[in-house]
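# Inside the fold
Letter by letter, the chains look like this.
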Amino acid sequence: LMMSVTPTRGCLLDLPWEDILVPHILCHLPLQQLLSLQRVSKSFQSLIQLYLANMRCFDSSQIGPAIPRAAFVNLLKDNEVLQQLALQNCSDWLTDQDLLPVIGQNHHLHQIQLKGCAQLSRHALVAISLSCPNLRQLSLAHCEWVDSLSLRSLADHCKALEAVDLTACRQLKDEAICYLVQKCGRLKSLSLAVNANVGNVAVEETAKCCPELEHLDLTGCLRVKNDSIRVLAEYCPKLRSLKVKHCHNVAESSLSILRSRGVELDVEPPLQRALVLLQDVVGFAPFINLQI
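Anyway, here's the lowdown on the structure attached to this text. (Residues numbered from 1 in each chain as written. Predicted model: local features only at pLDDT ≥ 70, side-chain atom pairs only at ≥ 80, totals over all residues. Heavy atoms only, no water.)

### Overview of the packing of aromatic side chains
Within this structure, the stated rule accounts for 2 aromatic pairs. In this structure, Arg152 is placed above the aromatic ring of Tyr179, and the distance from its NZ or CZ to the ring centre is 3.9 Å. (Phe/Tyr/Trp six-rings, centres within 6.5 Å; stacked < 30°, edge-to-face > 60°. Lys NZ or Arg CZ within 6 Å of the ring centre and 35° of its normal.)

### Structural notes on the nonpolar core
Buried together is how nonpolar side chains tend to be arranged in soluble globular proteins. Core analysis: the biggest nonpolar cluster contains 88 residues, and Phe58, Leu218 and Leu242 have the highest contact counts within it. A total of 6 residues in this core trace back to one element, the largest contributor, which is helix 4 (residues 42-53). Contacts of Leu218, omitting those with residues within four sequence positions, involve Leu192, Ala193, Val203, Val224, Ile229, Leu242, Lys243, Val244 and Cys247. (Core = buried A, V, L, I, M, F, W, Y, C linked by side-chain atoms within 4.5 Å. Buried < 20%, exposed > 50% of the residue type's maximum accessible area, 1.4 Å probe, protein only. Helix = DSSP H or I, 4+ residues; strand = E, 2+ residues; numbered from the N terminus. Contact = heavy atoms within 4.5 Å.)

### A short note on the side chain of Asn200
Mapping Asn200 onto the fold places it in helix 10 (residues 200-209). Accessibility expressed as a relative area gives 18% for Asn200, which makes it buried. One polar contact links Asn200 to Ser228, side chain to side chain, over a distance of 3.0 Å. When near neighbours in sequence (up to four residues on either side) are disregarded, Asn200 contacts Asp174, Arg223, Val224, Lys225, Asp227 and Ser228. (Polar contact = N/O pair within 3.5 Å; in protein donor to acceptor, adjacent residues only side chain to side chain.)

### Topic: the packing of helix 8 (residues 148-157) against helix 9 (residues 174-183)
Taken N-terminus to C-terminus, the directions of helix 8 and helix 9 make an angle of 5 degrees; their axes are 9 Å apart at the nearest point. The orientation of helix 8 with respect to helix 9, classified from their angle, is roughly parallel. Contacts between helix 8 and helix 9 involve Ser148, Leu151, Arg152, Ala155 and Asp156 from the first element and Glu175, Ala176, Ile177, Tyr179, Leu180 and Lys183 from the second. Taken together, the residues that form the contact of helix 8 with helix 9 break down as 6 nonpolar, 1 polar and 4 charged. (Axes fitted to C-alpha atoms, helices over the stretch in contact; angles between N-to-C directions. Parallel < 35°, antiparallel > 145°, perpendicular 65-115°, else oblique. Nonpolar A, V, L, I, M, F, W, Y, C, P; charged D, E, K, R; others polar.)

### Some details on a nonpolar patch on the surface
Judged by side-chain polarity, Leu12, Ile20 and Ile25 come together as a nonpolar surface patch covering roughly 200 Å² of accessible area. Within the secondary structure layout, Leu12 lies in the loop between helix 1 (2-5) and helix 2 (17-25). Exposure remark for Leu12: the relative accessible area of 39% places this residue in the partly exposed category. (Patch = residues over 30% accessible without salt bridge, like charges linked within 9 Å, V, L, I, M, F, W, Y side chains within 5 Å. Areas by Shrake-Rupley, 256 points an atom, 1.4 Å probe, with all protein chains shown as cover. Salt bridge = Lys/Arg side-chain N within 4 Å of Asp/Glu carboxyl O.)

### Side note on helix 4
Its 12 residues place the ends of helix 4 17 Å apart at the C-alpha level, agreeing with the 16 Å of an ideal helix rising 1.5 Å per residue. Listing the buried residues of helix 4 in full gives Phe44, Leu47, Ile48, Leu50, Tyr51 and Leu52. (Expected span 1.5 Å × (residues − 1).)

### Details of the pattern of salt bridges
With the rule as written, the count across this model stands at 11 salt bridges. Measuring nitrogen to oxygen at the nearest pair gives 3.3 Å for the salt bridge that ties Glu214 to Arg240. Placement of Glu214 in the loop between helix 10 and strand 7 (215-217) and of Arg240 in the loop between helix 11 (226-235) and strand 8 (241-243) is noted, with a sequence separation of 26 residues between them. Between Arg259 and Glu252 there is a salt bridge, and its shortest N-O distance comes to 2.9 Å. Given the relative accessible area of 25%, Arg259 is considered partly exposed. We classify Glu252 as partly exposed; its relative accessible area is 22%.

### Quick notes on the state of the cysteines
Following the criterion strictly, the structure yields 0 disulfides and no others. Here Cys132 stays free of any disulfide, with the sulfur of Cys158 as its closest cysteine sulfur at 6.6 Å. A relative accessible area of 0% places Cys132 in the buried class. The cysteine Cys209 is free of any disulfide, with Cys210 supplying the nearest cysteine sulfur at 6.0 Å. (Disulfide = S-S within 2.5 Å.)

Printed below as a string of structure tokens:
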């Protein structure tokens, strides 16, 4: 009789897996802890495999400073619903052979981060363009394998792009950038930094084709000059930030137009720079009326 009225203790695994555990509990745990749970029991292993198959976001940095290739393949082998994929921590070993199966079975991706993944090839970008029509954000910073043909494929198939990072993609020239912005007029953020091949033509075409542009990074683009900055000011009323550090042919005469509109610039006005230098030399800032 006593046993019949004693309440039984429930187990976490008794909760509905797909309706409760996966969407409302496991999603709040760090990925590294979830992987550790697999070692508790076969039931927990099955639960975590179900979670991995239904993951919407995968960020390799959540696992640690580096993730083994075998672990990466195992984690994503059953997932077909990814929306965000960040693989910068895989840059030491990630190749087309590792990435293409993941891209090929995930057609809902809208954000991909491949910064520094130097061992990929242009085939990776072509695969992304063909498999991810809803792509919104793409980082290819320091991926020198990106060429004009693969970028054309991206522009032809991913016209909803809003943010593209092409920092140090040194194969790209004005012509390739022009083709991208002509096809992807919704761009709000674009980085062309550290590319000596990018000049006025690319910047002016970007300004004319992307009226929604808010952020543009031209750091180290030595061929960019004042004329293109003036075009940028004319055609991009929503511009919020512009980086032109180390653009030696861009002067205050063009930047002042944007500065007066409140655009955030990464270079100070000449007078302000002079005051900073003076302060460094003499140890104090003299009183000067900056409004004169």
